[in-house]
Amino acid sequence: MRKLLRQPKKENSAAQNKAYCLQSKFFASILPLFIKNLFLTMKSKIALVFVAVSLVACTSTPVFDYVKEGVSQHQKTDALSECQYQVKLNKSPIAEQKELIKLCMQGKGFRLKRIN
């Protein structure tokens, strides 16, 4: 078996011990202030994130979709595709296409409702 070589411990001089002790005391006296300021900044960061999320939630755009009781998503997509096809087949002006699609879907019994 191979013996592990151990390095001898270095002995610290008195000057090194004194310097280390002074550094420890200095950091020990500053540490509570640093931690206190760290928590204050964390609280302010959390508050800032909360305010930002609240503002974004208030300004989100509403989402509308066609709904009809007893109709599956597949059937709704088929009806919408058919209306879009009919509107584009008539070569309606782009400005009127959205309204014509809405009227076509209403004729099939769908209503445009806000879903969020």
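Just above sits the structure.
Residues numbered from 1 in each chain as written. Predicted model: local features only at pLDDT ≥ 70, side-chain atom pairs only at ≥ 80, totals over all residues. Heavy atoms only, no water.

J.: Explain the pattern of salt bridges to me, and be specific about the residues and the numbers.
T.: Side chains that carry opposite charge are capable of pairing whenever their charged atoms lie near each other. In this structure the tally under the stated criterion is 2 salt bridges. Of the charged contacts in the structure, one is a salt bridge between Asp65 and Lys76, with a shortest N-O distance of 2.9 Å. Placement of Asp65 in strand 1 (residues 64-67) and of Lys76 in helix 2 (residues 73-89) is noted, with a sequence separation of 11 residues between them. Judged by relative accessible area, which is 22%, Asp65 ranks as partly exposed. (Salt bridge = Lys/Arg side-chain N within 4 Å of Asp/Glu carboxyl O. Helix = DSSP H or I, 4+ residues; strand = E, 2+ residues; numbered from the N terminus. Buried < 20%, exposed > 50% of the residue type's maximum accessible area, 1.4 Å probe, protein only.)

J.: Any details on the environment of Lys98? Residues and values, ideally.
T.: With respect to the helices, strands and loops of the structure, Lys98 is situated in helix 3 (residues 94-107). Considered as a pair, Lys98 and Val87 are 11 residues apart in the sequence and their alpha carbons are 9.0 Å apart.

J.: Residue-level account of the packing of aromatic side chains, with values.
T.: A full pass over the atoms with the stated rule returns 0 aromatic pairs. Over the ring of Phe110 we find Lys68, and its NZ or CZ is 5.5 Å from the ring centre. (Phe/Tyr/Trp six-rings, centres within 6.5 Å; stacked < 30°, edge-to-face > 60°. Lys NZ or Arg CZ within 6 Å of the ring centre and 35° of its normal.)

J.: Tell me about the state of the cysteines, and name the residues and values.
T.: Under the criterion given, the structure shown has 1 disulfide. The residue that forms a disulfide with Cys83 is Cys104, at a sulfur-sulfur distance of 2.0 Å. Taking the torsion about the sulfur-sulfur bond, which here is approximately -75 degrees, the covalent link between Cys83 and Cys104 counts as left-handed. In this pair, Cys83 sits in helix 2 while Cys104 sits in helix 3, placing the two residues 21 residues apart along the sequence. (Disulfide = S-S within 2.5 Å.)

J.: Any chance you could break down the packing of helix 2 against helix 3 for me, citing the residues and the numbers?
T.: Here helix 2 crosses helix 3 at 135 degrees, and the two axes come no closer than 9 Å. Considered as vectors, helix 2 and helix 3 are oriented oblique to each other. Our pair here, helix 2 against helix 3, has a crossing hand that is right-handed. Across the interface between the two elements, Lys76, Ala79, Leu80, Cys83, Gln84, Val87 and Lys88 from helix 2 touch Gln97, Leu100, Ile101, Cys104 and Met105 from helix 3. When its residues are assigned to classes, the contact of helix 2 with helix 3 shows 8 nonpolar, 2 polar and 2 charged. (Axes fitted to C-alpha atoms, helices over the stretch in contact; angles between N-to-C directions. Parallel < 35°, antiparallel > 145°, perpendicular 65-115°, else oblique. Left-handed = near helix turned anticlockwise from the far one by under 90°. Contact = heavy atoms within 4.5 Å. Nonpolar A, V, L, I, M, F, W, Y, C, P; charged D, E, K, R; others polar.)

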